[in-house]
Amino acid sequence: MGKVVAHQSSNNQEEAARDQKIYALAFIEPARKQIISEHIIQKSEDYKIKESDLLPLVSNNLFVPSGREYLFAKGLYAGLMGDFITSTHILIPQIENSVRYLLSNRGAITSGIDNKNNGIQQENNLNTTLFPSKYPQITSIFDEDTLFELQGLLVEKSGSNLRNRMAHGLINDHEFFSPIFSYLWWVTLRLCFGLGIEIPQEIVEESNPLVKFTGMFKHDPFFDEFVEEIAINRRKLDEEMVAEEASIEENHAA
């Protein structure tokens, strides 16, 4: 439902990596398998064919830059099907590019000059862009827990460090069955839904003018009573509908 139900209990990335694997085994994997057992997920082999069920999710998306929709859709589809070799190799570079994209939108310069290599301009990677000490703007993009997770999953040596291990071929076939890759896929899916991303208020209000009224009754002392009264009325209506349906069935039976 997009609600914050817990926060990281520790700044220890090794402990967090262990908890992420447990969460993947206990919740993410059962949910993923339930989805594919109940639904046929369409995919598109040609990005020009808009038949993929996942393309609408990544189109006009805050986290997905224009021109990257098919890559995200393909990576998310692979993870949904349990092909974490494919999903990991596609999604990690796209996450890196998306972080630079979001930083650039906030005025950050995400490239630098490599004076040791004939002054060639290079794009900064996650080892730099995910850390407030280098890019203070990153704290205005991701909430604290999401930033902690991305650091541990992708760059922290004391965490999973998946970006470095994947880029340098340090993950073997068997390791891709680790639940941490399921967790990475799920985090990416969550970001595509905008969860964990701090959306500027002007963008939120532009997309839905009613958002500005959110929380207007937060400090109203009578609001809880009002909600309870609505719930009581709803239950009464439900009971009346059930009684009416039962009466109709009895009349038909007679």
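For the structure itself, look to the data block above.
Since the model is a prediction, treat every value here as computed from it, not as a measurement.

1. Re the pattern of salt bridges
Moving on, step 1. Within this structure, the stated rule accounts for 9 salt bridges.
Moving on, step 2. The residue Glu 29 makes a salt bridge to Arg 32 at a minimum N-O spacing of 2.8 Å. Here Arg 32 and Glu 29 lie together in helix α1 (residues 13-38), a separation of 3 residues that amounts to about one turn. Assigned by exposure class, Glu 29 and Arg 32 land together as buried.
Moving on, step 3. Among the salt bridges present, the one from Arg 190 reaches Glu 149, with a minimum N-O distance of 2.7 Å. Note that Arg 190 is positioned in helix α8 (residues 179-192) and Glu 149 in helix α6 (residues 144-154), a separation of 41 residues in sequence.
Moving on, step 4. Judged by its relative accessible area of 16%, Arg 190 is buried.
Moving on, step 5. Salt bridges here are not isolated pairs; linked through shared partners, they connect Glu 96, Arg 100, Glu 123 and Arg 163.

2. So, the packing of aromatic side chains
Moving on, step 1. Under the counting rule described, the total for this entry stands at 6 aromatic pairs.
Moving on, step 2. With a centroid separation of 5.0 Å and an interplanar angle of 40 degrees, the aromatic rings of Tyr 23 and Phe 27 are classed as tilted. Remark: Phe 27 and Tyr 23 occur in helix α1; sequence separation between them is 4 residues, near one turn of the helix.
Moving on, step 3. The class for Phe 27 is exposed, based on a relative accessible area of 51%.
Moving on, step 4. On the basis of an interplanar angle of 40 degrees and a centroid distance of 4.9 Å, the ring pair of Phe 176 and Phe 181 is categorised as tilted.
Moving on, step 5. Judged by relative accessible area, which is 7%, Phe 176 ranks as buried.
Moving on, step 6. An aromatic cluster of three or more residues is present, and its members are Tyr 23, Phe 27, Tyr 183 and Trp 186.

3. Things to note about the packing of helix α3 (residues 69-80) against helix α4 (residues 84-105)
Moving on, step 1. At a closest axis distance of 8 Å, the pairing of α3 and α4 adopts a crossing angle of 140 degrees. Along this stretch, α3 crosses α4, giving a crossing that reads as left-handed. The residues of α4 that touch α3, namely those facing Leu 71, Phe 72, Lys 74, Gly 75, Leu 76, Ala 78 and Gly 79, are Phe 84, Thr 86, Ser 87, Ile 90, Leu 91, Gln 94, Ile 95 and Ser 98.
Moving on, step 2. In terms of residue class, the contact of α3 with α4 is built from 8 nonpolar, 6 polar and 1 charged.

Calculation criteria
Residues numbered from 1 in each chain as written. Predicted model: local features only at pLDDT ≥ 70, side-chain atom pairs only at ≥ 80, totals over all residues. Heavy atoms only, no water. Salt bridge = Lys/Arg side-chain N within 4 Å of Asp/Glu carboxyl O. Helix = DSSP H or I, 4+ residues; strand = E, 2+ residues; numbered from the N terminus. Buried < 20%, exposed > 50% of the residue type's maximum accessible area, 1.4 Å probe, protein only. Phe/Tyr/Trp six-rings, centres within 6.5 Å; stacked < 30°, edge-to-face > 60°. Axes fitted to C-alpha atoms, helices over the stretch in contact; angles between N-to-C directions. Left-handed = near helix turned anticlockwise from the far one by under 90°. Contact = heavy atoms within 4.5 Å. Nonpolar A, V, L, I, M, F, W, Y, C, P; charged D, E, K, R; others polar.

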